[in-house]
Amino acid sequence: MMRGIRVAFAVAVVVSIAWFVIASWPDVAAALGRLHPGLLVGAVVSSVLGVSAGMLSWRACMRALGADLPLGASASTYFVGQLAKYVPGSVWAVLAQADLAARHGIGRTVTAAASLAQMLVSVLSGMLVGGIGLLLAGTDVLLAYWWIVPASLVCGVALWPPLLQRLLRLAGRVLRRDALRGVAVRALPMLAASAWCAAMWVCFGVQFALLVVPFAADPATLVLAAAAYAFAWVTGFVIIFLPAGAGAREGVLVLALGGAIGLPTALSLALVSRFAMLLGDVLVAVGGWVALRRSGVRPPSPRPGAGRDEGRAAG
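Residues numbered from 1 in each chain as written. Predicted model: local features only at pLDDT ≥ 70, side-chain atom pairs only at ≥ 80, totals over all residues. Heavy atoms only, no water.

Asker: So, the environment of L269: which residues are in play, and what are the values?
Answerer: Mapping L269 onto the fold places it in helix 13 (residues 263-295). Take L269: its relative accessible area is 2%, and that puts it in the buried class. Separated by 235 residues in the primary sequence, L269 and R34 place their C-alpha atoms 10.0 Å from one another. Sequence-distant contacts of L269, defined by excluding residues within four places in its chain, comprise L35, F208, L211, V212, F215 and I261. (Helix = DSSP H or I, 4+ residues; strand = E, 2+ residues; numbered from the N terminus. Buried < 20%, exposed > 50% of the residue type's maximum accessible area, 1.4 Å probe, protein only. Contact = heavy atoms within 4.5 Å.)

Pasting the structure below:
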């Protein structure tokens, strides 16, 4: 039964990715013709580095909640599981990672709590990095988007572990998830998770800025592009019914950069960016899947009281 569910879910992931590629390819292909191949390669490499930093952030969240996975197991679990974000609904990546981590003996509730914690850290750090980017983008940009800076600073303060622990417990009450209601966060791993998320946003920002290079009139436009990408991702994430934020992310990037590089160009580059991110996701997921197969791990055998043990570990 469980094997059939996994196969069906894998098919849903492949179909969702194929649908995006087929639907957006005409616009992506037209934009690719205007870009130097080296810039596209650089964008894909930056996306791979960003996803890798995201994995290290997720691993740090696992450690903050008392679960310590080896680096190889963390990579295979995170990289393969995160492909599920292309299926509509943000919860699927959490479920996929929880199922894969169970093969290494980690309770599903612990993994789910860590994944939700990493999502919260990603949103807060994305706002912070984006706000810093606006400060560096120049006076004109700062005057236009000044109201984002205070919100970004508040998000930065919320990354302090004691406050973050309160936010996680609040999220547990709102989402009715026992794994988060009584969560105890270890400070140093959670600070590491925030730092790795900040590195992730820098890499993702560089990814998009590289695509904007041929159309930017000055360096401030590139800094704005990097900052806008963080805000665009956060917007796409909170709209949970869109697969990987499809549509919302592009809309924010067009609004932010349309005046600087033109609306059609901004939209085309936003689609190319999503394609570069997808390619990076697939590359690391293939590597993670190969590592998972070679490791030979299997789901742990059910045992009496397993659910209760998981609940205690999550608390």
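Asker: Talk me through the pattern of salt bridges; I want residue IDs and the actual numbers.
Answerer: Overall, the coordinates contain one salt bridge when judged by the stated rule. D99 is the partner of R108 in a salt bridge, and the nearest nitrogen-oxygen pair spans 3.0 Å. The exposure class of R108 is partly exposed, given its relative accessible area of 34%. Judged by its relative accessible area of 11%, D99 is buried. (Salt bridge = Lys/Arg side-chain N within 4 Å of Asp/Glu carboxyl O.)

Asker: Break down the side chain of D281 for me, citing the residues and quoting the values.
Answerer: Here D281 is to be found in helix 13. Residue classification places D281 among the buried positions, given a relative accessible area of 0%.

Asker: Any details on the side chain of Q207? Residues and values, ideally.
Answerer: Take Q207: it is sitting in helix 10 (residues 187-212). Accessibility expressed as a relative area gives 0% for Q207, which makes it buried. A distance of 3.1 Å separates a polar side-chain atom of Q207 from the backbone oxygen of F204. Looking at Q207, its side chain comes within polar contact range of the side chain of S273, at 2.6 Å. With residues near it in sequence (within four places) discarded, Q207 still touches A43, S46, S47, Y229, S273, A276 and M277. (Polar contact = N/O pair within 3.5 Å; in protein donor to acceptor, adjacent residues only side chain to side chain.)

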